[in-house]
Amino acid sequence: MSEEATIADEEPRGGVAGPLAEHYAKAVLIRQVEQTLLDLFAKGELFGTVHTCIGQEWTGVAVAAHLRRGDVVFSNHRCHGHYVAITDDVEGLVAEIMGRQSGVCGGRGGSQHLCAEGFFSNGVQGGMTPVAAGMALALKRSSNDNIAVAFIGDGTLGEGALYESLNIASRWQLPVLIVLENNLYAQSTFQPQTLAGGILARPAAFGIPTLEANTWQPEDLLDKTLQAVEQVRRTRGPCFLRVDTYRLMAHSKGDDTRDPQEVQRHWQRDPISVFLEAHAADGAKMQRTALERVAAAVEAARRAPFTAPLPEPPTGAVDQLPQWRPAELPAGDRVVNCIHDALRRNMERDQRIVLIGEDIEGPYGGAFKVTKNLSAEFPGRVFNTPISEAAIAGLGNGLALAGLRPVCEIMFGDFLTLAADQFINHAAKFRYMYNNQVQVPLIIRTPMGGKRGYGATHSQSLEKHFLGLPDTQVLAIHHRFDPGVFYDRLFAGVDRPTLVIENKLLYGVRVGGDRSDGFALEYTSDPLPTTRLRPEGVLPDLTIVCYGGMLPDVEKAVDALFEEHEIACEIICPMRLYPLDLGPILESVLKSRRLLLVEEGLGFAAFGAEVAAQILEQAPGAIEVMARIASPEHPIPSCGPLEKELLPGEKQIIQRAR
Amino acid sequence: MSCKDKGEPVLVYLPKENNNDESARLLAWRVAAGTRVTAGQALAEFETSKTTFELYAPVEGIVQYRHRDGDEIAVGSLVCLVSEDGRAAFPEEPPKKAAAVQTTPPVVAAAPQPGLAVGAFMSREPVAQGRRFSARARELLSRHGLDPEQFAKRGLVRAQDVLACLPVPAEATIPGEARSQKGPQNTRILGPAAGVPYRTEQISRSKRLEIAFLRSGSQHTLPSAVTLTCPTRGLRAAAERAGMSLSAVLVYEAGRLLQKFPAFSSFFADDCHHFYQEVNIALAFDAGQGLKTPVLRRADAKSLQELEGELRELMVQYLNDELAVESLAGGTFTITDLAQEGAAFFSPLINQGQSAILGVGAELFAPEQSQGWFHLILAFDHQLSNGREATQFLVELRRRLLAYEQAWGGVHREEPFCQHCERTLSTLREIKAHLVEEVRPDGAKGQVCSLCLRGL
């Protein structure tokens, strides 16, 4: 896509000229960049490692030759060549890898995490393929003919996310080109050791058209990439291009266990070496131009300051006590209906909102009926996916990068583990490592919790595993704050990957239903507030902190504790589990000096433990008594009575509070 | 009048509306900041625990303020200012006022002072809207036919709250340990005599307070007592003649003795002996208006005259029912004098947060005898002291009181009398006896009758 032409203006000499010369010049430039990076690495001027593409340069060059403004490229760990081929930004790349503020990502991303307009790379194998599919879905929804491209390696063929993506790309006919660079080695492992079946048999099995080329025949490669790109552009469906190639240098640095003779053989057929030999004069000039440009880029980067310093770490100190406001919450509909209505209301208001998940289309409308009828009301905006949680979250990431407002439903919170890589290694990282060039307004909704006899893998509360990821938020709804209002406010302000913890039992509870007399319901001023149930007229004897689906149980326990034991409890129920506002909890504990932390999930290193630690750090000596109630360290039995005995409930809370 | 006249902004402070509220909630501003108001125009509406009231502009001018609707504002702190140009600078709040209720008190990372922190929060809490009875509270209500409306806007009402309003004796027993340190302690109430009708009266708030303090005192001490008998020829009469207050003398001498016996101005807590670094003597008195124990601060450092003056002032306040709360708090030792009522011997109760109380009994004289006696009783916490030390304290006090008696001249008679048998000169004449001058070994002069002289 570069407009720069170092050769094209020259008179043709030695038979190379025109576009092919430009492409060779670009390949030479890429090689020079990579060689310089290896040199800088040896001098200790780089951080981490570098995965060079020496020998594979032509792939990026050939694909870039046919892309247009508006096309979007997703690359992997070996992305320097792709990046330079597509953006021509040698200076930004070199500075980035040298950790400088002038780098394309301000030095935050480094070698594997590059981002420029229309270009994203990430270092997790296969992770970008569902993201590319999501981007392709967004491109397909728009009226232009832009496409998405995802570069993968043959090593990526071992990743499940790839197949989830291929399946969806074909089934939904998404305009995405998968370019597989087949260099025969996954890091150090020779392909026959790990690959069964054929490479192209895989996309073919999904009904995806395939093409083949190699880097030793650049002109044919250019031809095939053109065919592939145009096929995707024309059909608005996927295509799979296999490019056989060979990596002439180590996977990263010093980890080459291949037979040196084999490597040597490939050096001899290396297209760039062959070209430079055949066109000595032009080649030398190309090399000199490239060398000068890269050297200048290195010099400029050396003069630039390192990545902006880390911000002052937050002290975690509570410097403001919460402002409480009386809540007005008339008795309303069931939680599930409130969520449904809010989704519908916001989809009407905001065309960017799309829903993705398993079984969410009508007439089924989701395992818990949250999305019932929405597919009929909003055609083309509610997507039933295959059972592919990684792809669901990955599609969401791609849609979010495209500026849409995806809402992913993970049918059971337990399956969030299958989507964890997309949430943790993609969604949560994009904004920072791409230096604020993107936001990821991704919403993942999922019900947690047991007590319905679904057994060990469909009843857990796994949110603790997703707490504490910078740039994300984890929110837990409950019936004392209208979930409809919650979603209205979330859609109005979502600016980061957001995990919304719903609860299976809570779906059927009426919002703002019967409430104990003598307790005031109050919210903090946060749009997604912490809720407090304050005993009126007395200081609390005990503070109980809980969230989400535990609130009804805690309320019942608190009622009984006063009714039968005359213990006045104050309930603090945060909606934001992360980032956590400790103020409301701290304030209550300073009054009661007794703290009971209640959560349904396993207690080890969980939310309650974190709250306890923070309280002790903030106000040592404030607490006379502290206890936690959580699931015992035991899988959840399916058998009803046993499950009830195991999971925390009203009874356990009363026993512990007394 | 306009603020133009002075050119300076007029500061408007929150007035004190009643004795209960140290702060008021700003319900709503009636004028926007920057508005020009006329004198007497309503500026804002406030709510106390009792009522709502409006605050009016004292002068004409432009209003400036920082508080927002809903803020809790301390009594006496700045609400707004009215100036001619609306650009007056807010004065620095004196620290004392600033420390009063703030809308968002910052929380320091250090360990909070328990009492202070809780106090700060309480003042922020809105008044309860409703009420809710516990099962036991409900049962008590119905059993005693109490009107639940009595507890309107009380929030959570427990059995102990109902019991506090209950005619005693009630037949209920509240088992178990009270969970809250803030509420009243649990109470064991004996059942009434079977089949005997009774009438009930409510216990006054001040009496309930007294009960709480004394109960606390007896719960946290190991009470013991020592009694010492003091011979006297009329210490009280002598003091009266000399124009001195025996109470002041007791406070004065006890104050000094407590420097020597600090264990009696101390308290026991958490297995530690805590010594007060001030001697503040509470003097229990009851002149028919209820028992009160005003405190004479730093009694060990004040002159007898100062103490007498303070006591007189407190007495006046007591009689006018004007004793301020501050003058009732902070005692480290208590003296109770029941001589007025004629009690010769009694068992004083140690007060909350103290380790001893001195009781002074009435003087007793046999008929026709001028030599009498009275009791000094020291009830003390055996955790912090012992009988021997208590006795030493009393012996020392007795010695000092006798010295006063002597200094004030003992019993005064219109005519000369025998200082041994107390017979007056006229009586002696009737039995044909006479008085002679005597000089005692200590050099003091007196008179002795011929009968006693013979007997000696």
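The text that follows walks through the structure, step by step, so that each part is easy to find. (Residues numbered from 1 in each chain as written. Chains lettered and ligands numbered in written order. Predicted model: local features only at pLDDT ≥ 70, side-chain atom pairs only at ≥ 80, totals over all residues. Heavy atoms only, no water.)

**Looking at the overall build of chain B**
Link 1 in the chain: Of the regular secondary structure elements, chain B holds 11 helices and 21 strands.
Link 2 in the chain: Sorting the 456 residues of chain B into buried and exposed places 41% on the buried side.
Link 3 in the chain: Considering only contacts within chain B whose residues lie at least 6 apart along the sequence, 58% involve residues at least 24 apart.
Link 4 in the chain: Within the structure as shown, chain B displays about 24800 Å² of accessible surface, and the carbon and sulfur contribution to it stands at 52%. (Helix = DSSP H or I, 4+ residues; strand = E, 2+ residues; numbered from the N terminus. Buried < 20%, exposed > 50% of the residue type's maximum accessible area, 1.4 Å probe, protein only. Contact = heavy atoms within 4.5 Å. Areas by Shrake-Rupley, 256 points an atom, 1.4 Å probe, with all protein chains shown as cover.)

**Here we look at the packing of aromatic side chains**
All names here are of chain A.
Link 1 in the chain: Enumeration according to the criterion identifies 30 aromatic pairs over all chains in this entry.
Link 2 in the chain: With a centroid separation of 5.8 Å and 70° between ring planes, the pair formed by Phe 47 and Phe 306 is classed as edge-to-face. With a gap of 259 residues between them, Phe 47 in the loop between α1 (18–42) and α2 (57–64) and Phe 306 in the loop between α12 (280–303) and β10 (325–326) connect regions that are remote in the sequence.
Link 3 in the chain: Arranged with centres 5.6 Å apart and planes meeting at 55°, the rings of Phe 412 and Phe 415 form a pair that is tilted. Each member of the pair Phe 412 and Phe 415 is classed as buried.
Link 4 in the chain: What links up through ring pairs into an aromatic cluster is the set Phe 368, Phe 412, Phe 415, Tyr 454 and Tyr 507.
Link 5 in the chain: Here Arg 258 stacks its cationic end above the ring of Tyr 185, 5.5 Å away from the centre of that ring. (Phe/Tyr/Trp six-rings, centres within 6.5 Å; stacked < 30°, edge-to-face > 60°. Lys NZ or Arg CZ within 6 Å of the ring centre and 35° of its normal.)

**Structural notes on the environment of Asp482(A)**
Residues and elements named next belong to chain A.
Link 1 in the chain: With respect to the element layout, Asp 482 can be found in the loop between β15 (473–476) and α17 (483–493).
Link 2 in the chain: C-alpha separation for the pair Asp 482 and Thr 194, spaced 288 residues apart in sequence, amounts to 52 Å.
Link 3 in the chain: Setting aside anything within four residues of it in sequence, one finds Asp 482 in contact with Leu 329, Cys 338 and Val 511.
Link 4 in the chain: A distance of 2.7 Å separates the side chain of Asp 482 from the backbone nitrogen of Gly 484, its partner in a polar contact. (Polar contact = N/O pair within 3.5 Å; in protein donor to acceptor, adjacent residues only side chain to side chain.)

**Focus: the sheet that holds strand β23 (residues 625–631) of chain A**
All names here are of chain A.
Link 1 in the chain: Taken in spatial order, the seven strands line up as β10-β17-β18-β20-β19-β22-β23 in an open sheet, and their pairing is mixed. Looking at which strands have only one partner, the edges of the open sheet turn out to be β10 and β23.
Link 2 in the chain: Of the strand pairs in this sheet, β10 and strand β17 (residues 519–523) are connected by two bridges, and their pairing is antiparallel. If you follow Pro 326 over to β17, its bridge partner there is Glu 522.
Link 3 in the chain: Sheet strands in contact with helix α20 (residues 607–618) are β19 (542–545), β22 (594–602) and β23, and its direction is about 155° off that of β22. (Pairing = 2+ DSSP bridges. Axes fitted to C-alpha atoms, helices over the stretch in contact; angles between N-to-C directions.)

**A closer look at unusual backbone geometry**
Residue and element names in this part refer to chain A.
Link 1 in the chain: Here the bond from Gly 362 into Pro 363 is cis, since omega is 0°, no more than 30 degrees from zero.
Link 2 in the chain: In this fold, Pro 363 is placed in the loop between β11 (353–357) and α14 (374–377).
Link 3 in the chain: Unlike most non-glycine residues, Lys 451 shows phi in positive territory, near 70°.
Link 4 in the chain: As for its position among the elements, Lys 451 is in the loop between β14 (443–448) and β15.
Link 5 in the chain: One non-glycine residue with positive phi stands out, namely Glu 566, at about 60°.
Link 6 in the chain: Summarising the element assignment, Glu 566 is placed in the loop between α18 (551–565) and β20 (569–573).

**Quick look at the side chain of Ser77(B)**
Residue and element names in this part refer to chain B.
Link 1 in the chain: Within the element layout of this structure, Ser 77 appears in the loop between β7 (72–74) and β8 (78–83).
Link 2 in the chain: A residue is classified by how much of its surface remains accessible, and Ser 77, at 6% relative accessible area, is buried.
Link 3 in the chain: Looking at Ser 77, its side chain comes within polar contact range of the main-chain oxygen of Ala 74, at 2.7 Å.

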